[in-house]
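Descriptive structure summary
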Amino acid sequence: MPIDLTVVVLRWLQFAAAVVALGLPLFQTYAPGPVPSRSARWATIAAALLLAVGAVGGLVAQTAMMAGGWAAAFDPASIGYVVQSTALGMAHIARAALAVAGVAILMFGQDRRVAGLMAVMAFAGATASFAWSGHGAASEGAGGLIHLIADIIHALAAAVWLGALAGFCIRLCRPFGGEIETTTRALAGFATVGSAAVSVLVLTGLINAGFLIGIDGVVRVATSTWGLLLLGKLALFILRVGLAADNRFTLTPALARAITHDTAIDGPVRRLQLSIGLEMAAGLVLLGLVAAMGVQMPPGSM
């Protein structure tokens, strides 16, 4: 596999693992009950381990890209240089370490609640580290810190949204008995958190675009690979917002009415399963586009 494609795939793998590792246990803290705790716990542990492996693999692939060949990727001196001399290398090491620490806390913590909160903090740090692996840390001067903070918040907000979808996907796989009522209440209750996450994503996305595109780069958006990937990302984001709005204002109320009037819930549940599944799939594809954007030059840098 070509080096640049390997880097993109490993970036996508890390993004996907991070949003589940952070978003799923975080979802449990503000919407307890809708996800079977055992399923959520093991899904979180698996995602965190995948994140750690992806971070190590990503460091090797990034070293190969910087050195111009796979031979250097397995040279301890080359990897050591990348780790010690670049923010990108340090971010990969920190990400892997925090992911492993989060797993250890979840598995060996005595108090489940305290361990869960500590693991969330570790996974939040791992997710925040992506800002140093992309264009977020490239800005200089006084605005550089603003760009970096916006990138960190953008990543965390994405994890909140996609992590909740992962939780609902797990829960809707087995909507039996009174548990579907709990899921319905959780869907309705997620409206505020979801709306806040979308608002934060829009705001931080605009800030990031301002730094990466700039006024001069606007005319080059549609003619650059990075710009085309951005347009694809925006299209998928709009699709996800549309699906989320349909879930909130149409599908969830329809399921609630079916439960209230004691009518068949199979149809409403299937429609929700399809809609949330599509929203989750669109989110995963969107993460793939973001992974590809990380190895392309933004219009504002050309």
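Residues numbered from 1 in each chain as written. Predicted model: local features only at pLDDT ≥ 70, side-chain atom pairs only at ≥ 80, totals over all residues. Heavy atoms only, no water.

So, on to the layout of surface pockets. Roughly 870 Å³ of volume is contained in the largest pocket. Every residue lining the largest pocket is counted, 37 residues in all, and those nearest its centre are Asp151, His154, Asn208, Lys233 and Val290. Its residues assigned to classes, the lining of the largest pocket comprises 23 nonpolar, 10 polar and 4 charged. (1 Å grid on protein atoms, 1.4 Å probe; cavity = no way out; pocket = protein on both sides within 12 Å on 5 of 7 lines; lining within 4 Å. Points joined across faces, edges and corners; volume = space filled by probe spheres on them. Nonpolar A, V, L, I, M, F, W, Y, C, P; charged D, E, K, R; others polar.)

Looking at the secondary structure, you find Gly134 in the loop between α6 (112-128) and α7 (142-172). For the pair Gly134 and Leu88, spaced 46 residues apart in sequence, the C-alpha to C-alpha distance is 7.8 Å. (Helix = DSSP H or I, 4+ residues; strand = E, 2+ residues; numbered from the N terminus.)

At their nearest, the axes of helix α5 (residues 87-108) and α6 sit 8 Å apart, and the two run at 170 degrees to each other. Regarding the angle of α5 to α6, the classification is roughly antiparallel. Packed against α5, whose contacting residues are Arg95, Leu98, Ala99, Gly102, Val103, Ile105 and Leu106, the element α6 presents Ala115, Gly116, Met118, Ala119, Ala122, Phe123, Gly125 and Ala126 at the interface. Looking at side-chain class alone, the contact of α5 with α6 contains 11 nonpolar, 3 polar and 1 charged residues. (Axes fitted to C-alpha atoms, helices over the stretch in contact; angles between N-to-C directions. Parallel < 35°, antiparallel > 145°, perpendicular 65-115°, else oblique. Contact = heavy atoms within 4.5 Å.)

Attention shifts here to the packing of aromatic side chains. On inspection of all chains with the given rule, the structure shows 5 aromatic pairs. Geometrically, the ring pair formed by Phe27 and Phe168 is edge-to-face, given 5.0 Å between the ring centres and 65 degrees between the ring planes. Remark: Phe168 occurs in helix α7 and Phe27 occurs in helix α1 (residues 3-30); sequence separation between them is 141 residues. Taking the relative accessible area as the measure of exposure, Phe168 reaches 2% and is therefore buried. Connected via pairs of aromatic rings, a cluster forms that spans Phe27, Phe168 and Phe190. (Phe/Tyr/Trp six-rings, centres within 6.5 Å; stacked < 30°, edge-to-face > 60°. Buried < 20%, exposed > 50% of the residue type's maximum accessible area, 1.4 Å probe, protein only.)

When pLDDT is averaged along the protein, the result is 89; 93% of the residues meet or exceed 70. Per-element averaging of pLDDT across the protein places helix α9 (residues 214-217) at the bottom with 78 and α5 at the top with 96. (pLDDT = per-residue confidence, 0-100.)

In this section: a nonpolar patch on the surface. Nonpolar side chains collect at one region of the surface, where Leu145, Ile149, Ile153 and Val200 lie side by side and expose about 320 Å² of accessible area between them. The greatest single-element share of the nonpolar patch, amounting to 3 residues, is contributed by α7. In this fold, Ile149 is placed in helix α7. (Patch = residues over 30% accessible without salt bridge, like charges linked within 9 Å, V, L, I, M, F, W, Y side chains within 5 Å. Areas by Shrake-Rupley, 256 points an atom, 1.4 Å probe, with all protein chains shown as cover. Salt bridge = Lys/Arg side-chain N within 4 Å of Asp/Glu carboxyl O.)

We now examine unusual backbone geometry. With phi around 55 degrees, Asp262 is a residue other than glycine that occupies positive phi space. Inspection of the secondary structure puts Asp262 in the loop between α10 (225-260) and α11 (266-293).

A word on the nonpolar core. Of all hydrophobic cores here, the largest spans 64 residues; its most connected members are Leu51, Phe123, Trp161, Phe168, Leu272 and Ile276. Of all the elements in the fold, those that place two or more residues in this core are α1, α2 (37-67), α5, α6, α7, α8 (179-212), α10 and α11. If we ignore the near neighbours within four places in the chain, the residues touching Leu272 are Leu172, Leu187, Asn247, Leu251, Thr252, Leu255 and Gly277. Core analysis: the second largest hydrophobic core is formed by 7 residues, Ile3, Leu10, Val60 and Ala73 among them. (Core = buried A, V, L, I, M, F, W, Y, C linked by side-chain atoms within 4.5 Å.)

This part covers the environment of Pro253. Looking at where Pro253 falls in the secondary structure, it is placed in helix α10. Pro253 gets classed as partly exposed once you look at its relative accessible area, which sits at 25%. Here Pro253 is in contact with Asn247 and Arg248, once residues within four sequence places are set aside.

Over its 22 residues, α5 runs 31 Å from end to end, which matches the ideal 32 Å to within 8%, given 1.5 Å per residue. Of the residues making up α5, those classed as buried are Leu88, Gly89, Ala91, His92, Arg95, Ala96, Ala99, Gly102, Val103 and Leu106. (Expected span 1.5 Å × (residues − 1).)

In contact at an axis separation of 9 Å, α1 and α6 are set at 145 degrees when each is read in the N-to-C sense. Of the two possible hands of crossing, α1 and α6 adopt the one that is left-handed. Together, Ala18, Ala21, Leu22, Pro25, Leu26 and Thr29 of α1 and Leu117, Val120, Phe123, Ala124 and Thr127 of α6 make up the contact between the two elements. Residues belonging to the contact of α1 with α6 are distributed by class as follows: 9 nonpolar, 2 polar and no charged. (Left-handed = near helix turned anticlockwise from the far one by under 90°.)

Bringing the side chain of His92 into the picture now. Inspection of the secondary structure assignment puts His92 in helix α5. For His92, a relative accessible area of 3% translates into the label buried. The residues touching His92, leaving out its near neighbours within four places in the chain, are Gln14, Ala55, Gly58, Leu59, Gln62 and Ser133.

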